[in-house]
Amino acid sequence: MTAPKTSKALKSSQKLSQLVKKYYKDIHEAKAQGKKIVWSSGIAPVELFHAMDLVPVFPENYAAACAVKQISQDLQYYAEKAGYISDLCSYFRSDIGHVLSNCTYLGGLPKPDLLVASRNLCTTHVKWFEVLSRYFNCPLFVWDLPFGTLNKKFAPEFHRLEYAISQLHELIKVIENITHCELNTWRLQEAIFLGDEAARLWIEINESRKNRPAPISCTDMLGNLFVLVTLSGTPIAVEFLREVAKEVNNRVSNKIGIVSQERFRLLWDVMPLWHHMELFDRFQSAGAVFVVELYNYGRVWGQRLDCAQPLESLAKRHLTHMFNIDMDSRVKLLREILREFQIDGYVNHVIRSCNVLNGSTLHLANKMKKELGIPTLTLESDHCDSRAFAPAMIENRIQAFLELLEANQ
Ligand code: SF4
């Protein structure tokens, strides 16, 4: 099956596909030149990897790219044939399938020299990376980041912060053993400086969506996230996001929106249906635009960093994002988002193979519906497994939701 076309509104975002191709080419060249490769879970101290000449590769990102390309089903077939049942996370099944089938899309992923899994989103990552560690006979470092509460300034408790920083010191030792190169403090500060600038631009782009009409689509935003996940800490990310920010600001000044008539402003929670990104176009055709995706806005990526305290700021970012904090702090954050972005409706994607996020996002959606009377749409499908996509049922629900929004207006 070929990938359906989805609309990207921005010229600058359209450069993304060249950047993605170059990234995959570069990681293979780096491996051939003897550089060390780290496979990492998606929420990671990527700036530290770049500072230490470790080439970061992200299986979740690759799984999403395979879903957009419509080849995930083939990969998941290999995983399921090897005994990994279809209830397991489809990111995981796509990744294992890519390994077992020697998938060559975008050249596949070069073999890892180190695996790093963080525990700040879900425990699936740890088990997943244990499987990879056995398969490749490769060392695994688990960054243990306990869930916790935040104070009024959205800061983590001191003991959690100290614990997270101490593990970063351990990680640095592990990387030094693999690369045979000591951490250069200047290089770390440079990477943190560039990571901070990328975050500043990312926040600026997100904030621009408070304007009516919203200048950038969620398809652009979710695609551009690739740059932040893989290349934060490099000049490439800053250069790319600077162009996007410039174009977005220009569109705000000239009141150019994603659709000719913006009627409803929506929030999307959590991952998209990577295999059916054109679903967003369906909403847009009715004048309904997504102006926030919690997946990208919930302080997960794009939090400001501090060159003077590089490790502390990396640890803080990983301890305070939306998926690693207590429910009261999430609700507080969400209330602010709904008000500031003038959200008319809340769309919650219940992901069949991700039991981790489903519980919390359903709770949040119900709370918002009860407390604030926000119309809510729950879509049941999957981020990477298109077998869980029922087009007729989804279309019916979208139609009913749009009618509800209309009536509410
Ligand atoms: S959070 Fe969900 S989608 Fe992400 S790796 Fe864990 S199980 Fe998979």
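Residues numbered from 1 in each chain as written. Predicted model: local features only at pLDDT ≥ 70, side-chain atom pairs only at ≥ 80, totals over all residues. Heavy atoms only, no water.

Engineer: Could you give an account of the overall build of the chain, with specific residues and numbers?
Structural biologist: Helix and strand content of the chain: 16 helices and eight strands. Expected size for 409 residues packed as a compact globule is a radius of gyration near 22 Å; at 20 Å, the chain falls within 12% of this value. In terms of overall dimensions, the chain has C-alpha extents of about 65 × 50 × 40 Å along its principal axes. Taking all contacts inside the chain whose residues are at least 6 apart in sequence as the whole, residues at least 24 apart take part in 77%. Carbon and sulfur atoms make up 53% of the accessible area of the chain, which amounts to about 17100 Å² in all. In the chain, which carries 47 positive and 45 negative side-chain charges, the distance between the mean positions of the two groups comes to 2 Å. (Helix = DSSP H or I, 4+ residues; strand = E, 2+ residues; numbered from the N terminus. Rg over C-alpha atoms; globule rule 2.2 N^0.38 Å. Contact = heavy atoms within 4.5 Å. Areas by Shrake-Rupley, 256 points an atom, 1.4 Å probe, with all protein chains shown as cover. Lys, Arg positive; Asp, Glu negative; His and termini not counted. Charge placed at Lys NZ, Arg CZ, Asp CG, Glu CD.)

Engineer: Can you lay out the site of the ligand for me, pointing to particular residues and giving the numbers?
Structural biologist: Close contacts around the ligand come from Cys89, Tyr91, Leu121, Cys122, Thr124, His125, Met271, Cys354 and His383, and that covers them all. Of the residues assigned to the shell around the ligand, the class counts are six nonpolar, three polar and no charged. (Near = heavy atom within 4 Å. Nonpolar A, V, L, I, M, F, W, Y, C, P; charged D, E, K, R; others polar.)

Engineer: A description of the environment of serine 90 should follow, citing residues and the corresponding values.
Structural biologist: Position of serine 90 relative to the elements: it lies in helix α5 (residues 90–101). The buried category is assigned to serine 90, whose relative accessible area is 0%. Between the C-alpha atom of serine 90 and that of aspartate 385, which follows or precedes it by 295 residues, the distance is 6.0 Å. Among the polar contacts listed, one links the side chain of serine 90 to the backbone nitrogen of cysteine 384, at a separation of 3.4 Å. (Buried < 20%, exposed > 50% of the residue type's maximum accessible area, 1.4 Å probe, protein only. Polar contact = N/O pair within 3.5 Å; in protein donor to acceptor, adjacent residues only side chain to side chain.)

Engineer: Just give me the short version of the pairing of strand β4 (residues 140–143), but keep the residues and values in it.
Structural biologist: Consecutive side chains along a regular strand alternate between the two faces of the sheet. Side chains Phe141 and Trp143 of β4 all project onto a buried face; the interleaved residues Leu140 and Val142 project onto a face where none is buried. Of the pairings in the sheet, the one linking strand β3 (residues 114–118) to β4 comprises four bridges and is parallel in character. Paired with serine 118 across the strands is tryptophan 143, a residue of β4. One crossover worth recording links β3 to the parallel β4 by way of helix α6 (residues 124–136), and it is right-handed. (Pairing = 2+ DSSP bridges. Right-handed = clockwise from strand over helix to strand, strands pointing away.)

Engineer: Explain the sheet that holds strand β2 (residues 54–57) residue by residue, including any values.
Structural biologist: The parallel open sheet is built from four strands, whose spatial order is β2-β1-β3-β4. Edge strands, defined here as strands with exactly one partner in the open sheet, are β2 and β4. Sheet twist, expressed as the mean angle between neighbouring strand axes with direction ignored, is 25°. Two elements, strand β1 (residues 36–40) and β3, share three bridges in a ladder whose sense is parallel. (Axes fitted to C-alpha atoms, helices over the stretch in contact; angles between N-to-C directions.)

Engineer: Describe the packing of helix α9 (residues 218–231) against helix α10 (residues 235–253), with residues and values.
Structural biologist: Relative to each other, α9 and α10 sit at 155°, their axes nearing to 9 Å. The angle between the axes of α9 and α10 places the two elements in the roughly antiparallel class. In terms of crossing hand, the pair formed by α9 and α10 is left-handed. Touching Asn224, Val227, Leu228 and Leu231 of α9 are Ile236, Ala237, Phe240, Leu241 and Val244, all from α10. Of the residues that constitute the contact of α9 with α10, the class distribution is eight nonpolar, one polar and no charged. (Parallel < 35°, antiparallel > 145°, perpendicular 65-115°, else oblique. Left-handed = near helix turned anticlockwise from the far one by under 90°.)

Engineer: Go over the packing of aromatic side chains with me, naming the residues and quoting the values.
Structural biologist: Inspection of the entire model under this criterion finds 14 aromatic pairs. A ring pair is formed by tyrosine 24 and tyrosine 62, whose centres lie 5.9 Å apart and whose planes are at 55°; its orientation type is tilted. Of the two residues, tyrosine 24 is situated in helix α1 (residues 16–32) and tyrosine 62 in helix α3 (residues 59–68); the sequence distance between them amounts to 38 residues. Here tyrosine 24 falls in the buried class, since its relative accessible area comes to 4%. Summarising the aromatic geometry, the rings of phenylalanine 92 and tryptophan 128 are spaced 5.9 Å apart at their centres and angled 70° between planes, so their arrangement reads as edge-to-face. Remark: tryptophan 128 occurs in helix α6 and phenylalanine 92 occurs in helix α5; sequence separation between them is 36 residues. Of the two residues examined, phenylalanine 92 and tryptophan 128, each falls in the buried class. What links up through ring pairs into an aromatic cluster is the set Tyr23, Tyr24, Tyr62 and Phe226. (Phe/Tyr/Trp six-rings, centres within 6.5 Å; stacked < 30°, edge-to-face > 60°.)

Engineer: Tell me about the sheet that holds strand β6 (residues 288–293), and please be specific about residues and values.
Structural biologist: Strand order in the open sheet made by the four strands is β6-β5-β7-β8, with parallel pairing throughout. Edge positions in the open sheet fall to β6 and β8 (376–381), since each of these has one partner strand only. Across this sheet, the average inter-strand angle for adjacent strands is 30°, counted without regard to direction. The pairing of strand β5 (residues 264–269) with β6 spans five bridges and is parallel. Looking across to β6, one finds that phenylalanine 264 is bridged to alanine 288. Lying on the sheet, helix α14 (residues 327–340) is in contact with β5, β6 and β7 (345–351); it crosses β5 at an angle near 155°.

Engineer: Help me get a handle on α6, residues and values and all.
Structural biologist: Three or four residues apart is the spacing at which side chains of an α-helix point the same way, because the helix has 3.6 residues per turn. A rise of 1.5 Å per residue sets the reference length of α6, with its 13 residues, at 18 Å; its end C-alpha atoms lie 18 Å apart and thus fit the reference within 8%. Taken together, the buried positions of α6 are occupied by His125, Val126, Trp128, Phe129, Val131, Leu132, Ser133 and Phe136. Buried-residue contacts for α6 involve β1, α3, α5, β3 and β4. Once α6 finishes, asparagine 137 follows within two positions and takes phi at roughly 50°, a positive value. (Expected span 1.5 Å × (residues − 1).)

Engineer: Explain the pattern of salt bridges residue by residue, including any values.
Structural biologist: If you walk through the whole model with that rule in mind, you get 30 salt bridges. For arginine 93, the salt bridge identified is with glutamate 80, shortest N-O distance 2.8 Å. Here glutamate 80 lies in helix α4 (residues 72–81) and arginine 93 lies in helix α5, a separation of 13 residues in the sequence. Owing to a relative accessible area of 0%, arginine 93 belongs among the buried residues under this scheme. With a relative accessible area of 25%, glutamate 80 lands in the partly exposed category. Between glutamate 262 and arginine 265 there is a salt bridge, with its nearest N and O atoms 2.8 Å apart. (Salt bridge = Lys/Arg side-chain N within 4 Å of Asp/Glu carboxyl O.)

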